[in-house]
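Coordinate inspection notes
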Amino acid sequence: AAKPIQIKVVLLGEAAVGKSSLVLRFVNDEFQENKEPTIGAAFLTQKVRLDDSVLKLDIWDTAGQERFHSLAPMYYRNAQAAVVVYDITRSSSLDRAKSWIKELQRQANPNIVIALVGNKLDLAGDSADTAPGAADASAETESTSVDADEAAGAEEGRSRQVAAATARSYAEEAGLLFLETSAKTGEGVVETFTEIAKKLDLN
Ligand code: GDP
Ligand code: MG
């Protein structure tokens, strides 16, 4: 078997969109409802197997870029790929994602593979891109845990603010991969990193 190719992937996006949760789902296949915020940057490794190659992804999960933006270039410098995350229930988080993408396109490695990822698909409350059964089931579970939700900042009760079609057409125009995910259910998570690996593999 070929020796794994090592790839640096950086996660960017507004606080609380689910960056750490996506990495945790991808690497450990787990989800924590009230995740402790990341302090500084953490990095985790996971392999992606393609037909005739293995890519070893070193995934840099960052926090605090909102307040310490000047540190961000340190994270995306030398990155071959970036996952820019927004929360489909907060349209302001897509605006923030777009400004990260502009910055990456200006300042990062010119060949960087960028994926725009709309997370929290389980909260969509619509059936456009979700299996209707799965959406209904999760909505019901969530409505029974009101106390916990309030403590967590009441994620539940939120619903989609960003149409998939809107984000997808922006992504196509900007030359990005586009996926919707749920770190909670796992939907789209492995696909995100596999799509990135496939695109890198062609470079
Ligand atoms: P980060 O600041 O971008 O790293 O976001 P976190 O991973 O810390 O997640 C922020 C909050 O959103 C936590 O309470 C998570 O449990 C929650 N969260 C993350 N991903 C999802 C998701 O896909 N669905 C739902 N319902 N909640 C999520
Ligand atoms: Mg985090």
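Residues numbered from 1 in each chain as written. Chains lettered and ligands numbered in written order. Predicted model: local features only at pLDDT ≥ 70, side-chain atom pairs only at ≥ 80, totals over all residues. Heavy atoms only, no water.

Quick word on the confidence of the model for the chain
Here the chain averages 84 in pLDDT, and 79% of its residues register 70 or above. Low confidence marks residues 129-152, where pLDDT is under 50. Its contacts with residues over four positions away, or in another chain, come to 20 contacts. Two summary scores accompany this predicted model of the complex, namely pTM at 0.85 and ipTM at 0.99. (pLDDT = per-residue confidence, 0-100. Contact = heavy atoms within 4.5 Å.)

Here's the deal with the site of ligand 1
Residues in contact with ligand 1 amount to 20 residues; listed here are only the nearest, Ala16, Lys19, Ser21, Glu33 and Asp122. Ser21 places a side-chain nitrogen or oxygen 2.6 Å from an oxygen atom of ligand 1. Contact between ligand 1 and Lys120: an oxygen atom at 3.2 Å from a side-chain N or O atom of the residue. Isolated, ligand 1 exposes 580 Å² of accessible area, and the fraction of that covered by the protein chains is 91%. At three residues, the largest contribution of residues to the shell around ligand 1 is made by helix α1 (residues 19-28). Of the residues contributing to the shell around ligand 1, the split by class is six nonpolar, six polar and eight charged. (Near = heavy atom within 4 Å. Polar contact = N/O pair within 3.5 Å; in protein donor to acceptor, adjacent residues only side chain to side chain. Areas by Shrake-Rupley, 256 points an atom, 1.4 Å probe, with all protein chains shown as cover. Helix = DSSP H or I, 4+ residues; strand = E, 2+ residues; numbered from the N terminus. Nonpolar A, V, L, I, M, F, W, Y, C, P; charged D, E, K, R; others polar.)

What to know about the packing of aromatic side chains
Enumeration over the complete set of coordinates arrives at two aromatic pairs. Their ring planes at 15 degrees and their centres at 4.1 Å tell us that Phe26 and Phe193 sit as a pair that is stacked. Taken together, the residues Phe26 in helix α1 and Phe193 in helix α7 (residues 189-202) connect sequence positions 167 residues apart. When the centroid spacing of 4.9 Å and the interplanar angle of 10 degrees are considered together, the rings of Phe43 and Trp60 count as stacked. With Phe43 in strand β2 (residues 41-49) and Trp60 in strand β3 (residues 54-62), this pair connects stretches of sequence that are 17 residues apart. Positioned above the aromatic ring of Trp60, the side-chain terminus of Lys8 is 5.4 Å from the ring centre. Between Lys98 and the ring centre of Tyr170, over which it is positioned, the NZ or CZ distance is 4.8 Å. (Phe/Tyr/Trp six-rings, centres within 6.5 Å; stacked < 30°, edge-to-face > 60°. Lys NZ or Arg CZ within 6 Å of the ring centre and 35° of its normal.)

As for helix α3 (residues 91-107)
Between its terminal C-alpha atoms α3 stretches 25 Å, which fits the 24 Å expected from 17 residues at 1.5 Å a residue. Taken together, the buried residues of α3 touch β1 (5-12), α2 (72-76), β4 (81-87), β5 (113-119) and α6 (164-174). (Expected span 1.5 Å × (residues − 1).)

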